[in-house]
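What the coordinates show
What follows is each chain in one-letter form.
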Protein chains: 2
Amino acid sequence: AYFLVLMVFVHLYLGNVLALLLFVHYSNGDESSDPGPQHRAQGPGPAPTLGPLARLEGIKVGHERKVQLVADRDHFIRTLSLKPLLFEIPGFLSDEECRLIIHLAQMKGLQRSQILPTEEYEEAMGTMQVSQLDLFRLLDQNHDGRLQLREVLAQTRLGNGRWMTPENIQEMYSAIKADPDGDGVLSLQEFSKMDLRDFHKYMKGHKAASSELVRNSHHTWLYQGEGAHHVMRAIRQRVLRLTRLSPEIVELSEPLQVVRYGEGGHYHAHVDSGPVYPETICSHTKLIANESVPFETSCRYMTVLFYLNNVTGGGETVFPVADNRTYDEMSLIQDDVDLRDTRRHCDKGNLRVKPRQGTAVFWYNYLPDGQGWVGDVDDYSLHGGCLVTSGTKWIANNWINVDPSRARQALFQQEMARLAQEGGTDSQPEWALDRAYRDARVEL
Amino acid sequence: AYFLVLMVFVHLYLGNVLALLLFVHYSNGDESSDPGPQHRAQGPGPAPTLGPLARLEGIKVGHERKVQLVADRDHFIRTLSLKPLLFEIPGFLSDEECRLIIHLAQMKGLQRSQILPTEEYEEAMGTMQVSQLDLFRLLDQNHDGRLQLREVLAQTRLGNGRWMTPENIQEMYSAIKADPDGDGVLSLQEFSKMDLRDFHKYMKGHKAASSELVRNSHHTWLYQGEGAHHVMRAIRQRVLRLTRLSPEIVELSEPLQVVRYGEGGHYHAHVDSGPVYPETICSHTKLIANESVPFETSCRYMTVLFYLNNVTGGGETVFPVADNRTYDEMSLIQDDVDLRDTRRHCDKGNLRVKPRQGTAVFWYNYLPDGQGWVGDVDDYSLHGGCLVTSGTKWIANNWINVDPSRARQALFQQEMARLAQEGGTDSQPEWALDRAYRDARVEL
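Remember, it's a predicted structure, so these values are computed and weren't measured experimentally.

1. Side note on the packing of aromatic side chains
Residues and elements named next belong to chain A.
- Applying the stated criterion across every chain, the model contains 14 aromatic pairs over all chains.
- Where Phe-92 meets Phe-306, the ring centres are 5.5 Å apart and the plane angle is 20°; that geometry is what we call stacked. With Phe-92 in the loop between strand S3 (86–89) and helix H3 (95–108) and Phe-306 in strand S13 (residues 300–307), the pair connects residues that are 214 residues apart, well separated along the chain.
- A centroid spacing of 5.9 Å and a plane angle of 70° characterise the contact between Tyr-327 and Tyr-380, whose relative ring orientation is edge-to-face. Placement of Tyr-327 in the loop between strand S15 (317–319) and helix H12 (329–332) and of Tyr-380 in the loop between strand S19 (374–377) and strand S20 (383–385) is noted, with a sequence separation of 53 residues between them.
- Taking NZ or CZ as reference, Arg-300 lies 3.6 Å from the ring centre of Trp-399, over its face.
- For the cation-ring pair, Lys-393 lies above Tyr-261, with the distance from its terminal atom to the ring centre recorded as 4.7 Å.

Written out as structure tokens, the structure is:
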């Protein structure tokens, strides 16, 4: 049954097929080992339709507007790009607030943002139900019967958390003797001769340094709900005013993620939300989902990113394709230059934001759907954290979660309100949220 | 006094200085020879604030939405670009409606869209109150102390209706011996030696062919107000549904302009609305303007363009810079290639729409202001009609007029409603509109 589902997706979304393959596997694995809370919504009748989602107007790059977010001062929101719809607000946090957040995060303790799940990966690869010929066809995006380096690079998931560069793909070819003529291009013949088990063995045997990962940082989560530190509450209220979304949406969103990048830290370019398939459920609403579905993603309508300190060197946030006329994955990823690589090619990205203590940037990860709700993921929202060349970089992320299914978001809000009422001071929603964000996948 | 006003603008808007110089002159000339109806609004108290202006969401290029504009069929609106916000609707008009519009236009009779106002031009040039050194500084946009061809080309108004190409500027240099070394670049020394009277004489002496004009077409206006042909009324109602603007705005907009481009016809790239200065008044609301101001422009919030026939060859509508990452006039106009030139360089523009009978395209000439009203002119709305290489091209334009001053638009609507009520069946507003659109400038 999964094979059928898979093959449909394979043909619909060639570029993401491997991601999906691995994803399905992991989801299965997780479900069998930990079924999770299969809570079903049994609220009092159908949830009401939610009003249109607020979305700030970009007007044009460089446009500034004055807003009152706090009692004692004005703020200015400046449009940085339209694709993605991206803004900057200097002084969104005071220096004291920045220092406090760092302090709270240090007290709670930070963990590595990414480790390599080697065994799970091998398992996943071992159970892949796609023939080697089909795999070749899927990878060969330009259908020229040859695999260029960029076509392999585009399948980021192949690296299983290790970031792939043109050089280490060629090293791998050389180690498993996949490319005898050494031109970096695999013909169908060369690919057919390759034993995928050699590939898996090589990947497993190669211990990646943290600088070789997709994400090289430490992070923790800080609670912002009722009863949290008054500064954490104040920041949530400020974000509420900024985004002009409903209190329900903002209050039921993820906790604040605080991230530390040491010298040499980075985060290669990525999007904060997964693609929207009919079968996808959101991490934040999965507790009330009626069906058991294989695809789960974090549905982050907006990202609000705070710079908590001034970085001595590097650490810019890069949006490689911001405001490009067209989005074309294959011109983003060339055989020699991969614009997503934030250790090497930040200088070639379209837009870079330099970290400045207290400044917030925020953007929309989804396009509108034209009916006042969430539409498709915005490919242009691709962004990353450039290499920190000197000093330490501290940031925090406030993600605003909205389910692309308006009805499910409504049901979720209704259910959470009911739980809060029932639980009284016991604060059931908080517990539910903790359950939802326990999963490591959400944190990536 | 005008000199002072001018110099302020000169320094604020270098690129448009000559346009302004000529414009002020013409406005003065017009006012002295024909004061026009100096009607003052004396309505019953202040006009109410108007609600937010509707603006369709672009979502992303290629996005399609279904709309019901007429009883018997659906239409699909497709997003062509976000900058400008531009859409296409196949089958907006039926083939019979297209034929009827052409027939009505032919019965009314079409006039040349542009003639050269040679004498007025000479007068304007003769009274220019800018020294030759200042003029050089104004033209020298990149401040390198030399006038490149593209810097002269950028001052379209210098040609006074004649379209300037790199070749005919060099011809002119050669005729008046302005560029002895013939490199197409004028040093300050070469420019200082030049006698501007020779330039004026040359421009006056050179009789331009219609193919050398900015616009080479014939057009007429068809009334769409109450009492008009039922098809004309139906089209106005359809445009009202399409734009989702208020009936007052749509009904008080310009009549339908029908344009015929013969073989060899063209319209070089331009924007449909003038820049918004505090001193600018709109042609459509000038009847109620309290002050006498020197700058007048047609305030066309939207352009709805209908293709009335299938063109045998050429005649595309080109948007040279649609969805460009940045707008830069000087990369639009190069020394050898001027992307605004629709006789030569349509193939290099970012976006071309092929004429197809019944299809409508529409776009917004202004950015939003962030408060639900009209903001700045959208530079990206630059567009033109490509050379008709074979056959005849018929189009029609429905411009939707909105005053960038929300208060003045409100006052205008209130005043027109009052006039309509007073006039009864005498239909005062119609007369007023006819007065407003008599002026030839509006038609360009």
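2. A closer look at the relation of the copies chain A and chain B
- Note on the identical chains: chain A maps onto chain B by a rotation of 180° and an axial translation of 0.1 Å, with an RMSD of 0.0 Å. On the angle and the small slide along the axis, the relation comes out as a two-fold axis. No C-alpha of chain A approaches the rotation axis more nearly than that of A:Arg325, which lies at 3.0 Å.
- Most of the interface of chain A is mirrored in chain B, where 100% of its interface residues again form contacts.

3. Focus: the nonpolar core
Residue and element names in this part refer to chain B.
- Ranked by size, the top nonpolar core spans 50 residues in total, and within it Phe-306, Leu-308 and Phe-362 carry the most contacts.
- Take this core: its biggest share by element is 6 residues, from helix H10 (residues 230–243).
- Other than its neighbours up to four places away in sequence, Leu-308 contacts Leu-93, Cys-98, Ile-101, Ile-102, Val-258, Gln-357, Trp-394, Ile-395 and Ala-396.

4. A look at the interface of chain A and chain B
- Facing the 16 residues of chain A at the interface are 16 residues of chain B.
- Regarding the contact of chain A and chain B, the summed buried area is about 1,400 Å², with carbon and sulfur atoms giving 53% of it.
- Seen at the junction of chain A and chain B, the total is 2 salt bridges.
- B:Lys60 serves as the salt-bridge partner of A:Asp376, at 3.5 Å between the closest nitrogen and oxygen.
- Where chain A meets chain B, there are 4 residue pairs in polar contact (both at pLDDT 80 or more).

5. Looking at the pairing of strand S22 (residues 393–401) of chain A
All names here are of chain A.
- In terms of burial, S22 is a largely internal element, 9 of the 9 residues being buried.
- Here S22 shows no split at all, with Lys-393, Ile-395, Asn-397, Trp-399 and Asn-401 on one side and Trp-394, Ala-396, Asn-398 and Ile-400 on the other all buried.
- Examined bridge by bridge, S13 and S22 share 7 bridges and lie antiparallel to one another. Along S22, the bridge assignment pairs Val-304 with Asn-398.

6. A look at the state of the cysteines
Residues and elements named next belong to chain A.
- Per the stated rule, a full pass over the model turns up 4 disulfides over all chains.
- Linked covalently through their sulfurs, Cys-282 and Cys-299 form a disulfide whose S-S length is 2.0 Å. In this structure the cystine formed by Cys-282 and Cys-299 twists about its S-S bond by roughly -90°; its chirality is therefore left-handed. One end of the pair, Cys-282, is in strand S11 (residues 280–282); the other, Cys-299, is in the loop between strand S12 (295–297) and S13, and 17 residues separate them in sequence. Each of the two residues, Cys-282 as well as Cys-299, counts as buried.

7. Quick word on the packing of helix H3 (residues 95–108) of chain B against H10(B)
Residues and elements named next belong to chain B.
- Where H3 meets H10, the closest approach of the two axes is 11 Å, and the angle between their N-to-C directions is 120°. With respect to their mutual orientation, H3 and H10 come out oblique. Judged by the twist between their axes, the crossing of H3 over H10 is left-handed. Side by side, H3 and H10 meet where Glu-97, Leu-100, Ile-101 and Leu-104 of the first sit next to Val-231, Met-232, Ile-235 and Arg-238 of the second.
- When grouped by side-chain class, the residues that make up the contact of H3 with H10 number 6 nonpolar, no polar and 2 charged.

8. Looking at the environment of B:Gly58
Residue and element names in this part refer to chain B.
- By secondary structure assignment, the location of Gly-58 is in the loop between helix H2 (17–33) and strand S1 (64–70).
- Note on Gly-58: relative accessible area 7%, which makes it buried.
- Once the C-alpha coordinates of Gly-58 and Thr-79 are considered, the two residues, 21 residues apart in sequence, prove to be 5.8 Å apart.
- In contact with Gly-58, not counting residues within four places along its chain, are His-63, Arg-65, Thr-79, Leu-82, Leu-85 and Phe-87.

9. Some thoughts on the sheet that holds S15(A)
Residue and element names in this part refer to chain A.
- Read across the sheet, 5 strands follow the order S7-S10-S20-S15-S16 without closing on themselves; strand pairing throughout is antiparallel. On the outer flanks of this sheet lie strand S7 (215–216) and strand S16 (351–353), each paired with one strand and no other.
- Here 2 bridges tie S15 to S20, and the two strands are oriented antiparallel to one another. Within the sheet, the bridge partner assigned to Val-318 lies in S20 and is Gly-384.

10. What to know about H3(A)
Residue and element names in this part refer to chain A.
- Between its terminal C-alpha atoms H3 stretches 20 Å, which fits the 20 Å expected from 14 residues at 1.5 Å a residue.
- Burial in H3 covers these residues: Glu-97, Cys-98, Ile-101, Ile-102, Leu-104 and Ala-105. Down the axis of H3, the buried set is contained in an arc of 160°. They therefore lie on one face. Of the residues in H3, the exposed ones pointing more than 90 degrees away from the buried face are Glu-96 and Met-107.

11. Regarding the sheet that holds strand S16 (residues 351–353) of chain B
- Ordered in space as S7-S10-S20-S15-S16 (chain B), the 5 strands form an open sheet in which the pairing is antiparallel. The strands lining the two open edges of the sheet, one partner per strand, are strand S7 (215–216) and S16 of chain B.

12. Quick word on the domain arrangement of chain A
All names here are of chain A.
- According to the domain assignment, chain A consists of domain 1 (63–114 + 214–440) and domain 2 (131–211).
- Listed as interface residues are 17 residues of domain 1 and, on the opposing side, 15 residues of domain 2.
- Summing both sides of the interface, domain 1 and domain 2 together bury roughly 1,500 Å²; the carbon and sulfur share of this comes to 51%.
- Considering only the side of domain 1, the residues that lose the most area to domain 2 are Met-330, Asp-335 and Arg-340, jointly responsible for 37% of the buried surface there.
- The interface formed by domain 1 and domain 2 includes 2 salt bridges.
- Its salt-bridge partner being Asp-335, residue Arg-150 comes within 3.2 Å of it at the nearest N-O pair.

Thresholds, definitions, all that
- Residues numbered from 1 in each chain as written.
- Chains lettered and ligands numbered in written order.
- Predicted model: local features only at pLDDT ≥ 70, side-chain atom pairs only at ≥ 80, totals over all residues.
- Heavy atoms only, no water.
- Phe/Tyr/Trp six-rings, centres within 6.5 Å; stacked < 30°, edge-to-face > 60°.
- Helix = DSSP H or I, 4+ residues; strand = E, 2+ residues; numbered from the N terminus.
- Lys NZ or Arg CZ within 6 Å of the ring centre and 35° of its normal.
- Least-squares fit on C-alpha atoms with pLDDT ≥ 70 in both.
- Contact = heavy atoms within 4.5 Å.
- Core = buried A, V, L, I, M, F, W, Y, C linked by side-chain atoms within 4.5 Å.
- Buried < 20%, exposed > 50% of the residue type's maximum accessible area, 1.4 Å probe, protein only.
- Buried area = accessible area lost by both parts, 1.4 Å probe.
- Salt bridge = Lys/Arg side-chain N within 4 Å of Asp/Glu carboxyl O.
- Polar contact = N/O pair within 3.5 Å; in protein donor to acceptor, adjacent residues only side chain to side chain.
- Pairing = 2+ DSSP bridges.
- Disulfide = S-S within 2.5 Å.
- Axes fitted to C-alpha atoms, helices over the stretch in contact; angles between N-to-C directions.
- Parallel < 35°, antiparallel > 145°, perpendicular 65-115°, else oblique.
- Left-handed = near helix turned anticlockwise from the far one by under 90°.
- Nonpolar A, V, L, I, M, F, W, Y, C, P; charged D, E, K, R; others polar.
- Expected span 1.5 Å × (residues − 1).
- Arc of directions from axis to C-beta.
- Domains from an automatic or database assignment.

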